[in-house]
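Take a look at the letters that make up each chain.
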Amino acid sequence: MASKVTVEHNSKGWIQIFTSPEMQSVVDAAGERIAAEAGDHFGYMPGSNNRFTAGGFVSSDEYSGAYQEATDKVLTKAVHP
């Protein structure tokens, strides 16, 4: 016989998980891997002022990196599981 299950959403619990140091380290590792695979002209910077989730940014550090992304999609190709 089926039983009734109630699931309650706990926003504070999710925020605590997504802003934890462990989650930030997972995001940092992925960002650093992506920047390394994209090449020398790309770097990773952890996000700041994120209220609800860990974050970070991979970007080109100079014109040549932006040009490589525009012509060869090196950064786009580096984003994979």
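Sequence order as written defines residue numbering, which begins from 1 separately in each chain. In keeping with the predicted nature of the model, local features appear solely for residues at pLDDT of at least 70, side-chain atom pairs appear and are counted solely at 80 or more, and the whole-chain, interface and lining totals rest on all residues. The basis for every side-chain value is the complete set of heavy atoms in the structure, and neither hydrogens nor water enter the calculation.

### As for a nonpolar patch on the surface
Next, step 1: Together, Trp14, Ile17 and Phe18 give the surface a local cluster of nonpolar side chains, amounting to about 290 Å² of exposed area.
Next, step 2: Secondary structure elements follow DSSP: runs of H or I of four or more residues count as helices, runs of E of two or more count as strands, with numbering from the N terminus. Within the fold, isoleucine 17 resides in helix 1 (residues 11–18). In this scheme, patches are assembled from residues that exceed 30% relative accessible area and form no salt bridge. Like charges are connected within 9 Å, while nonpolar side chains (Val, Leu, Ile, Met, Phe, Trp, Tyr) are connected within 5 Å. Areas reported here follow the Shrake-Rupley algorithm with a probe of radius 1.4 Å; residue values treat only the protein chains shown as occluding. Salt bridges are counted wherever a side-chain nitrogen of Lys or Arg sits within 4 Å of a carboxyl oxygen of Asp or Glu.

### Some points on the packing of aromatic side chains
Next, step 1: A pair of Phe, Tyr and Trp rings is counted when the ring centres sit within 6.5 Å of each other, with Trp represented by its six-membered ring. The angle between the planes then sorts it: under 30 degrees is stacked, over 60 is edge-to-face, the rest tilted. If you walk through the whole model with that rule in mind, you get two aromatic pairs.
Next, step 2: When the ring of tryptophan 14 is compared with that of phenylalanine 18, the centres are 5.8 Å apart and the planes differ by 20°; the resulting orientation is stacked. With a gap of four residues between them, tryptophan 14 and phenylalanine 18 both fall in helix 1, about one helical turn apart.
Next, step 3: Judged by its relative accessible area of 43%, tryptophan 14 is partly exposed. Relative accessible area decides the class of each residue, using a 1.4 Å probe on protein chains only: under 20% of the type maximum gives buried, over 50% gives exposed, and in between gives partly exposed.

### Side note on the nonpolar core
Next, step 1: Among the nonpolar cores identified, the biggest contains five residues, and these are Ile34, Ala38, Phe42, Leu75 and Ala78.
Next, step 2: Of all the secondary structure elements, the ones that give two or more residues to this core are helix 2 (21–38) and helix 4 (74–78).
Next, step 3: With sequence-adjacent residues up to four places away left out, leucine 75 is seen in contact with Ile34, Ala38, Phe42, Val58 and Glu69. In plain words, nonpolar cores are sets of buried Ala, Val, Leu, Ile, Met, Phe, Trp, Tyr and Cys residues tied together by side-chain atoms within 4.5 Å. Contacts are assigned to residue pairs that have any heavy atoms within 4.5 Å of one another.

### Here's the deal with the confidence of the model for the chain
Low pLDDT marks regions whose predicted coordinates should not be analysed in detail.
Next, step 1: Note on scores: pLDDT gives the predictor's confidence for each residue, bounded by 0 and 100. Residue-level pLDDT values for the chain average 94, and 100% of them are 70 or greater.
Next, step 2: Considering each helix and strand of the chain separately, the mean pLDDT is smallest for helix 1, with a value of 93, and largest for helix 2, with 97.

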